[in-house]
Amino acid sequence: MTDYKISRATIAKHKLNICKASDVAQYHSNLHRKDLISRAYEFARIHIKPIFIFTEIIQRLVNFGLTMPSYREFQIIISQVVRNEETRLSSIIKTMPDDIDDNIIKLLALLQL
């Protein structure tokens, strides 16, 4: 049995032909990563779980008619977004006053009246 190796150039050519035929554009990290990260930042403020961010990124790619990036690209985007959101939340928590628990209890008591 003969092992046939397909060159990267041939694979790239076929990907381009498939994209043209299906009216889909190829994802390029230098063109699309910034937009995906900014959208993922917005979404991470609502849902911090990586699976939800991943789903939102896929939806964004489908809406814009882009092919899926590599697994590594998803890792880069999602880890950056999660790390940024964790840092943001940590800084908010650090700036909260020490007696915040007492204040929350008082507010809840007022709301129940």
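Structure: above.
These remarks concern the structure in this document.

Conventions and cut-offs
Residues numbered from 1 in each chain as written. Predicted model: local features only at pLDDT ≥ 70, side-chain atom pairs only at ≥ 80, totals over all residues. Heavy atoms only, no water. Helix = DSSP H or I, 4+ residues; strand = E, 2+ residues; numbered from the N terminus. Contact = heavy atoms within 4.5 Å. Salt bridge = Lys/Arg side-chain N within 4 Å of Asp/Glu carboxyl O. Buried < 20%, exposed > 50% of the residue type's maximum accessible area, 1.4 Å probe, protein only.

### Regarding the side chain of H32
Phase 1: If you trace the backbone, H32 turns up in helix 2 (residues 29-44).
Phase 2: Dropping the residues within four chain positions of it, H32 is found in contact with Q26, Y27 and L66.

### Notes on the pattern of salt bridges
Phase 1: Evaluation of the coordinates by the stated rule reveals five salt bridges.
Phase 2: One salt bridge in this structure joins D35 and R60, with 3.1 Å as the shortest N-O distance. With D35 in helix 2 and R60 in helix 3 (residues 50-63), this pair connects stretches of sequence that are 25 residues apart.
Phase 3: The class for D35 is partly exposed, based on a relative accessible area of 33%.
Phase 4: Connected through salt bridges with shared partners, the residues R39, E42 and E56 form a single ionic network.

That is the geometry; function is a separate question.
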